[in-house]
Every structure is written in structure tokens, then in C-alpha cells.
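Fold and geometry: a report
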Amino acid sequence: MTISYKWLSEYLPVTVDPDRLSRILTSIGLEVENMNKYEEVTGGLEGLVIGEVLSTEKHPNADKLTLTRVNIGKPEPLKIVCGAPNVAAGQKVIVAPVGTTIYPITGEPLTMKVAKIRSEESHGMICAEDEIGLGVSHAGIIVLPASAKIGQAAANYFQPYEDIIFEIGLTPNRMDAMSHWGVARDVCAYLSHHDKKDIKPKLPNGNGFKIDNNSLVIDVRVENENACPRYSGISMANISIGESPKWLQQKLKAIGLRPINNIVDITNFIQHETGQPIHAFDADMIADKKVVVKNLPPGTVFITLDEKERKLSNEDLMICDGKEGICIAGVFGGLRSGVTGTTKNIFLESACFDSVAVRKTSFRHGLRTDAASRFEKGTDISATVNVLKRTANLIKEVCGGEIASDIIDLYPNPKAKTEVAIKWHFTKKLSGKNYHPDAIMNILTSLGFEIIKEGIDELRVAVPFHKPDISLPADLVEEIVRIDGLDNIEIPEAITITPAVEEHYAKEVYREKVSGNLVGLGFNEIMTNSITNAAYFSEEEQQGMVRMTNSLSAELNILRNSLFETALEVVARNLNHRNNSLRLFEFGKAYSVLGPGRYNETEKLCVVITGNIQEDNWKQKANLSDFYYLKGVVNTVLRSLGIKADTAELLEVPKLDNHVVFRLNGQVIAGAGEVKKKVLDRFGIKQPVFFAGFDWSVLPELAANQTAALQEVPRFPGVQRDLAMVISRELAWEKVRQTVQNIKLNNLQDIKLFDIFESEKLGSGKKSIAVNFTFLDEKKTLTDKEIDGWMSKIITTLEKDLQAEIRK
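Described in the following lines is the structure provided in the data block. This structure is a prediction, so every number in the text was calculated from the model and none was measured. (Residues numbered from 1 in each chain as written. Predicted model: local features only at pLDDT ≥ 70, side-chain atom pairs only at ≥ 80, totals over all residues. Heavy atoms only, no water.)

Quick notes on the environment of Gly763
- One can find Gly763 in the loop between strand 40 (748-757) and strand 41 (766-775).
- Along the sequence, Gly763 and Val726 sit 37 residues apart, while their C-alpha atoms lie 9.4 Å from each other. (Helix = DSSP H or I, 4+ residues; strand = E, 2+ residues; numbered from the N terminus.)

Structure (C-alpha cells):
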């Protein structure tokens, strides 16, 4: 939400400097995220002065240049070389002396220096309007009236508009602060409480409203009263469409709005002043002089103001005339009924539309307008008529014309104010501060609450319509504390709490343990959005995924079914910022469809590695990440949980190469592999990435079932033997390891692969591997005879089952 300091100050009866106002806004829950100076003319014309051209003569070395002498109020006139065709003696002009910085409409800022132009010195510049930001014309220099004072600062002469702009981080429940008037009400409540004065905001109202005639009566009917509980309107005739006055344009520009014409600008001004959207229709384009608020059949084609054809849903509320739809209610106007330069008569709409219906329509058609953002948070249903009067008066003042009908106000079921009761002791209990009842009542009344009943230990209030989020006693306490200030709540000497007792804490313990281990290995934890882009998935993959009905945007429209795609987004973003070596992990949730209306939420853990494991240094060269490092990380994670996979086997999947799945008791607990190049290309990643995923929904339970056991350090030494063999190049190490383990030698403690050698000399399609075997007997020292017998069994099995050729 953008708030103008000057605009806001018009509603405050006292002057509050910008810095204090920023602190007040943040204190009352309207956090100021940015506070910037706004300049209508960039640079504020600083350093520019008004001068008089004393004389001109042709440049001796250039036909299109003129040598001038300019008086800027200094003892000596300036010699300036000018290229403008309209420069002449006696003119009052704008001069940029040496040292002044100018800010052109296009291009970079330019600081004046003494320069030689075709051998003639120039001590500044006589300015055209586009060169200093006053306009877009470059036809010639600006010539001022003869009354302009020589030596006067250009900033004092033109007085360009300046302001302070606050960017407020508005929470979704604060619809009451979506206007300058709403913010002013909160600021006055704060000042009244803290300065001990009765400070009320200057209310924008419709005083002086008068109906001129009934020459332009529009018949209004509301068919869907649930979607439109109140509809107010009025007609105006014989208006003049044109450019808005300077003050109105300046206010709109300051908050980032582009002036269009006086009618559109006034409706935008009123919306940002009061928070109530106003829509203006060209009354001559309303067929049969009828306005009907209703829903149209599904599939009805409607052309909006942006000239796009849209197909309506039967849930879209429409403003229609006697023939067809002319506006999507609360969202966007239609092309046919919009105000144009030839419009003479208008019909003004000030309504209250159902927030849920407006939000659905807005998202359905991808129309995120200022009006929709206000209606979907809720508007003040009691303000429609007063705002309509204010708008009509302003249009009459700026555009001329006359009010040509009575006010139409359809409000069939007047809404009663919500009543909330609050006890004094509850306020103290919830806030931690003992407020005096008078202070509570003063704060609430200054915010617009109406005191219904004041009891000994209870206060009952009626909630104003501009605060639809207030319904509970706790909401009232929040309002009181917000205005008083959280910083004013004293910290007690002792705090009494009841400790929470968690029953299912083991999962978090294991999560902390794994996180700690990964961080110790140099990993960083990431957190990504569960909502991702459906474009990442094929049509077949999307069949079992959860699609968003009302997506946040076109790129966030489906719930992820794994952490894979969102992790790659993080990798791509980091690589784009030249962070090329990454070790990342994330705990997150994945989603899938079980059946009609049934969904599944699964907890996952992922690990992502790319780039170098070890960077270059004086002692050693960089060490690139690879699949084997990833596999080691997977085993480390499982080992930290006390889990050891039964098997690790290759399993082909669409997005990973060399994908290995780890199983325990036949259940898949993890998978790891290298991301395929075609997937990396989709994310714009140009270096290898390795990904591992864990089923965190089962790992904590498996870890809890593991029994920790202590083992005595062996008293007898282990014996190691090495064995080299030639096997098929396609044969995986896991197959060799499993073959040896199937012999079930009780004294075989460990098997390690320590070398791989490939050469054509070994034969076509062959490779040589070297394996280390460790044997141990906890009760005695092993003899060579025993070990030779076991090695003989291993060799025989490998030769028979794997056709291995033992190298001597």
C-alpha cells in the first residue's frame, strides 16, 4: 500500500514530521517497509537558475551553434555555446551553470563542466524542457515570461511537486487502512492516546451536495443480493472530459498512478482517499437506461476495457444494461461503456460486493485490479452513499456539469453492527498490562467503535463497518495494544508458564540430528514453496498431482509431488548469481491425489550437490562432486539414524541417470542419482547436479525401532586380504558385493572396493577391480589356513557365478 505524506497530512489536524509519522505507522501495525522522497522533476531543478540572454552571435566554426552571453545575477555574465535554433537576445531562460547536474527525461544525469565546443569555451548550458525533466520537447530552449527574475532559482520559480512516499506492508485483515483516510484515522487515534488530546481526522465528506435536476434517471435493479448487498448510484450530465487539474495529477503521480482524464483520475483519487472503489459508466452507452446487477449464463463472451475477449462463468457477477453485460462487478469495466473523450453524461456506481465472489472472479480471469484488491478484503458497506456524494461534488467542481438524478441506494437488508463484549481482567490477562477503563474506551471510540454499555467489569461495543475482521474480545485487545504500542507493555519480573508436553517428539529429534550432521558436512538448509509450476511436469505426471483451483499466478498452479523441481529452481537461481558450488538439503512436503476429493501429504528429505566439494587451495586442487560422494552422504544420513539399507540397486527413472534405490526389508527408503541433461537444460543449468531423496515419513519410525548396541573392541587382530579380478565392464560392484555376502562367511567383517582399472589390453568389454576383504574372529587369532580356505570359497564362487578371472 502506497501512502503520500502530503496527502495524508491534509486529513491530520496537527503537523507530524515524516520520521515520527513513520514510527507511528509501524507502531500501529502499518509497517513502513520503505520511505522515499518523491520528486515530480528528478533532481528538483537544484542548481538551475533563471538568466537573461544579453547578446548572441554566430559561432565562427559551426553554422548551427550560437555564442551567447547570459546574465544570471553574477558580477560577470556567462559565455555559453548554445545549439538551440530559437535562442535570441533579451530572452529569459533557464541556465545550468558549471557544477550543476541535470537529469534529462532520457539518458544519464549530466554534470556541467567548462567545455570547449569547436574551439570556443562554454561555461554552462541553456536548457530545453526535456533536458531538465520539465517536458518531452527538444524543439528549442525554454523561453520564460519577461517578468521572470534574473538569478532566481528555477526550483522556486517552477515549484516542482515533492513528497515523501511510505510503502506500507499491509496485512490482509487491514482493509480499513487501504486508504489515506483510513490511515489518518489510526494516526489520530494514536496521537489522541499518547498526546492526551482529542485529535480527530478531517473527514472527506459530501457537504454541499445538491441535486440539480432529474433529467438523467437510470433504473437500477439488483437480482443477486447476496453478491451485491448494497448498490448506490447517481447520474451526472453535461460534463467536460479533459485533462485533470495540476493538483490532482500531482497526487496521483506521487503514489505511482498515471493520470488519464479528469473523470478516471477523480475515481482513482476517491478510491485512494476513502478506500471505496467508484466506477463511472458512459450513461449514453447504457441501453434502455437500465442497470441490472446479475449473473450471466456460463460461456457468455464479454470484452473488457483492455480489449480482450473473456468467457464468463455463471459465478461472475456482472453489471448489465437493458441488453448485455457492461462491467465485471468489482473487478474490471467493459470496453463499450467506458468513459472516453467524447463522453458527456455519466452514471457513477458506489457499491458493496461480496469479497469471496470478487476474489474468485478476479483470479479466474487474471484481473488483479486496485478495485478488486479492495473488494476482496471487504469495503465499508455504510460508506457507499457518502463517498458517492463526495465524488459527485468533486466531478462537478473539476468537470462542470450537473447532478442529474436522485441518489439510488438499494440496500434491502441493512446489516447490523457486530457487538463484542470485553471484560477488564481479560484485557490485562491477554495484553499483560493493566489499562484504565477510560483509556480503553478512548482508544476504541477514536477508532470508530460505539460504546453500547459500560458495566463494572465489562464493556460492550458496536464494531464499525470498516473493521469487518473484529468479532472476538481478543480482537478488541489487539486494537487497544496496537494503538497503545507493544513497546509500552512492561516486562514482568517473573513469567509463569505451563510447559508443553509433547507426545510425538521423536520425529523432530531425528530431524535435528540429521540436519546437524548435514550442516557438519558443509550443507545449507533451504526452504522452498510447496506450490510450483505445472510446466515442469508432463501431462502423464500431472494426472496424480494436486492442481490449484485458484492459483496465485500462472507459474504457481500445482502442488509438488516431490522436492526435486523446487530444489532445482534454487540451484538455478544460485548458479545465475555465480554461486557455483552448492551442497543443499531440505525437509518438505509432497502431495498427491488418492481419489476424488482425497489427497495424500508425505514428508520428504532431499539432498542436492553440484560443483566442487573442495575448492582450489595452495595444498590441493579442487575436488568435483560426483555420484559416489552423493552415495556416501546418503549412507551417512541413514547411519546417523541407525539404519543400514539391505540392498542398493539400480532402477531406471525418467529424470535421473544411474539412479540407485536403497531398500530396507523390501521398502524403498531413499534414492540417488545424477540429474539428466535434458532436465538440467529445462532449468538453464549447465553443470552436473546430483540429487538424493529420502522418504522421511517412514525413516523416523524405522530409526525408533533400531536398538542401539555397544560392542567391545576386538581383542584379536583382523586380517586383510586383497584380490584382483577381471570381470565384465557392465557388472556393477553391488552385484559382486552381494555375491560374496551370499556365501555367508561368519568371520568376514568387511568388503571394500579400492581400485578399478579399464584397458583394451584386458579384453573387449572387460575391467579389472581390486577388492579388500577383512576377516576377524572375536575369540581367537585366525590362521593362514583358515583364511586361505575362505578366500578359496570366495574365488570359486566369483568364477562360477560371475565368470570372474582372478589375477595372480
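Once you've had a look at it, read on.
Considerations on the packing of helix 10 (residues 424-431) against helix 12 (residues 473-484)
- Axis separation between helix 10 and helix 12 bottoms out at 10 Å; the angle between their running directions is 65°. The angle between helix 10 and helix 12 falls in the class roughly perpendicular. Once helix 10 is placed against helix 12, the crossing between them reads as right-handed. Here Phe426, Thr427, Leu430 and Ser431 of helix 10 come into contact with helix 12, specifically with Pro473, Ala474, Val477, Ile480 and Val481.
- By residue class, the composition of the contact of helix 10 with helix 12 is seven nonpolar, two polar and no charged. (Axes fitted to C-alpha atoms, helices over the stretch in contact; angles between N-to-C directions. Parallel < 35°, antiparallel > 145°, perpendicular 65-115°, else oblique. Left-handed = near helix turned anticlockwise from the far one by under 90°. Contact = heavy atoms within 4.5 Å. Nonpolar A, V, L, I, M, F, W, Y, C, P; charged D, E, K, R; others polar.)

Points about the nonpolar core
- Counting 67 residues, the largest nonpolar core has Leu25, Phe166, Val187, Leu348 and Ile395 as the members making the most contacts within it.
- Sort the elements by how many residues they give to this core and helix 4 (residues 180-195) lands first, with seven residues.
- When neighbours within four sequence positions are excluded, Ile395 is seen to be in contact with Met236, Ile239, Ile263, Ile266, Ile346, Leu348 and Gly400.
- Core analysis: the second largest hydrophobic core is formed by 33 residues, Leu518, Leu605, Ile609 and Leu641 among them. (Core = buried A, V, L, I, M, F, W, Y, C linked by side-chain atoms within 4.5 Å. Buried < 20%, exposed > 50% of the residue type's maximum accessible area, 1.4 Å probe, protein only.)

Notes on the sheet that holds strand 1 (residues 2-4)
- Read from one edge to the other, the open sheet built from three strands follows the order 1-12-2, with strand pairing classed as antiparallel. This sheet does not close on itself; its edge strands, each paired only once, are strand 1 and strand 2 (31-39). If you compare each strand with its neighbour and ignore which way they point, the axes differ by 25° on average.
- Of the pairings in the sheet, the one linking strand 2 to strand 12 (residues 162-169) comprises eight bridges and is antiparallel in character. Each bridged residue has a counterpart across the sheet, and for Glu39 the counterpart in strand 12 is Glu162. (Pairing = 2+ DSSP bridges.)

Re the pattern of salt bridges
- All chains considered together, the criterion is met by 40 salt bridges.
- The shortest N-O distance in the salt bridge between Arg368 and Glu376 comes to 2.8 Å.
- What makes Glu376 buried here is its relative accessible area of 12%.
- Two residues, Glu479 and Arg482, come together in a salt bridge whose shortest N-O distance is 2.8 Å. With Glu479 and Arg482 both in helix 12 and three residues apart, the pair spans about one turn of that helix.
- Taking the relative accessible area as the measure of exposure, Glu479 reaches 4% and is therefore buried.
- Relative accessible area serves as the criterion here: at 8%, Arg482 is assigned to the buried category.
- One continuous salt-bridge network, built from bridges that share partners, spans Arg174, Asp176, Asp186, Lys467, Glu479 and Arg482. (Salt bridge = Lys/Arg side-chain N within 4 Å of Asp/Glu carboxyl O.)

So, the sheet that holds strand 27 (residues 458-462)
- Spatial strand order, 25-27-26: three strands in an open sheet with antiparallel pairing. Whereas interior strands pair on both sides, the edge strands pair on one side only; in this sheet they are strand 25 (419-423) and strand 26 (450-454). Pairs of neighbouring strands in the sheet enclose a mean axial angle of 25°, with direction left out of account.
- On the sheet, helix 10 packs against strand 25 and strand 27 and is oriented at approximately 75° with respect to strand 25.
- Against the sheet, helix 11 (residues 437-446) engages strand 26 and strand 27, with an angle of about 5° to strand 27.

A few points about helix 9 (residues 384-399)
- With 16 residues, helix 9 should cover 22 Å at 1.5 Å per step; its first-to-last C-alpha distance of 22 Å lies within 8% of that length.
- Of the residues flanking the end of helix 9, it is Gly400, one or two places downstream, whose phi is positive at about 75°. (Expected span 1.5 Å × (residues − 1).)

Digging into the packing of aromatic side chains
- Enumeration over the complete set of coordinates arrives at 13 aromatic pairs.
- With centroids separated by 4.8 Å and ring planes inclined at 5°, the aromatic side chains of Trp7 and Phe269 adopt a geometry described as stacked. Of this pair, Trp7 sits in helix 1 (residues 5-9) while Phe269 sits in helix 6 (residues 262-274), and the two are 262 residues apart along the sequence.
- A relative accessible area of 3% places Phe269 in the buried class.
- Look at Phe564 and Phe691: their rings are 5.0 Å apart centre to centre, the planes differ by 85°, and that puts the pair in the edge-to-face class. With Phe564 in helix 15 (residues 564-576) and Phe691 in strand 38 (residues 689-695), this pair connects stretches of sequence that are 127 residues apart.
- One aromatic cluster is present, built from ring pairs that chain together Trp7, Trp247 and Phe269.
- Between Lys6 and the ring centre of Tyr161, over which it is positioned, the NZ or CZ distance is 4.7 Å.
- In this structure, Arg368 packs its charged tip against the face of Phe363, placed 4.4 Å from the ring centre. (Phe/Tyr/Trp six-rings, centres within 6.5 Å; stacked < 30°, edge-to-face > 60°. Lys NZ or Arg CZ within 6 Å of the ring centre and 35° of its normal.)

Worth remembering: the numbers are spatial, not functional.
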